[in-house]
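Residues per chain, in single letters:
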Amino acid sequence: MTYAVVIDLDHEHDSYENCRQLWGKIQSGMIKAGFRLDGRRFVINLPDHEAAELARAVIEGIEYDRDYCDKRIYNHLRNFYGYDVACAQNLMLPPASSIQVQEVRRAQ
């Protein structure tokens, strides 16, 4: 099963420099943990509960970093959620019910 984790930083309330540094730590930690970056999400082939625990462990590990010891890392996150990729729907594509397939015969 492919599981995806989305992490968005709180750019509205945090400085650009802090977000940039924190994102570098998050990206590095997630990749070291076995996730791969796929667009704006981290994906891994693990059961959902294992992948979620692994992602939480990466984020919790960053909290123990000396630069963030006085702050909860979750205060810097706007979104932190995971989902089974099979449940995702690409909304840029038309709904499956509107796609019509028509058989065309070629003249021989």
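First, a word on what this report is: a plain description of the structure on this page.

## Considerations on helix H1 (residues 16-32)
Inference 1: In a regular helix each residue adds 1.5 Å, so 17 residues correspond to 24 Å; H1 covers 24 Å between its end C-alpha atoms and thus fits that length.
Inference 2: Buried within H1 are the following residues: Asn18, Cys19, Leu22, Ile26 and Met30. End-on view of H1: buried residues confined to an arc of 90°, all on one side of the axis. Looking at H1, the residues exposed on the side facing more than 90 degrees away from the buried face are Tyr16 and Lys32.

## Concerning the pattern of salt bridges
Inference 1: Scanning all chains against the criterion turns up six salt bridges.
Inference 2: Aspartate 38 is paired through a salt bridge with arginine 41; the nearest N and O atoms lie 2.9 Å apart.
Inference 3: Aspartate 38 gets classed as partly exposed once you look at its relative accessible area, which sits at 31%.
Inference 4: We note a salt bridge from glutamate 53 to arginine 56, for which the minimum N-O separation is 2.9 Å.

## Some details on the sheet that holds strand S1 (residues 2-9)
Inference 1: Taking strand neighbours across the sheet as the criterion, the four strands line up as S2-S3-S1-S4 in an open arrangement whose pairing is antiparallel. Both outer strands of the open sheet, strand S2 (36-38) and strand S4 (77-84), are each paired with one neighbouring strand and no more. Neighbour-to-neighbour, the strand axes of the sheet open up by a mean angle of 30°, direction not taken into account.
Inference 2: As paired elements, S1 and strand S3 (residues 41-45) share five bridges and run antiparallel to each other. The residue bridging alanine 4 from the neighbouring strand is valine 43, located in S3.
Inference 3: Contacts between H1 and the sheet are confined to S1, S2, S3 and S4, with S1 contributing the most and set at about 165° to the helix.
Inference 4: Running at roughly 30° to S1, helix H2 (residues 48-63) makes contact with S1, S3 and S4 of the sheet.

## A word on the side chain of aspartate 8
Inference 1: Structurally, the position occupied by aspartate 8 is in strand S1.
Inference 2: The class of aspartate 8 is buried, set by a relative accessible area of 16%.
Inference 3: In this structure, aspartate 8 is in contact with Arg40, Leu77, Arg78 and Asn79, ignoring residues within four places of it in sequence.

Procedures and definitions
- Each chain carries its own residue numbering, running from 1 in the direction its sequence is written.
- At least 70 in pLDDT is required for a residue's local features to be given in this predicted model, at least 80 for side-chain atom pairs to be given and counted, and no such filter applies to totals for whole chains, interfaces and linings, which use all residues.
- Hydrogens and water are ignored here; the side-chain numbers use all heavy atoms of the structure.
- The secondary structure listing takes helices from DSSP runs of H or I that are at least 4 residues long and strands from runs of E that are at least 2 residues long, numbered from the N terminus.
- Take the residue count of a helix, subtract one, and multiply by 1.5 Å to get its expected span.
- For each residue, the accessible area found with a 1.4 Å probe, counting protein chains only, is set against the maximum for its type, and the residue is called buried under 20%, exposed over 50%, and partly exposed in between.
- Directions drawn from the helix axis to the C-beta atoms are what define this arc.
- Salt-bridge detection follows one rule: a side-chain nitrogen of Lys or Arg within 4 Å of a carboxyl oxygen of Asp or Glu.
- Whether two strands pair comes down to DSSP finding at least two bridges between them.
- In this analysis, axes come from line fits to C-alpha atoms, helices being fitted only over the stretch in contact, and the angle between any two N-to-C directions falls in the range 0 to 180 degrees.
- In this analysis, two residues are considered to be in contact whenever any of their non-hydrogen atoms come within 4.5 Å of each other.

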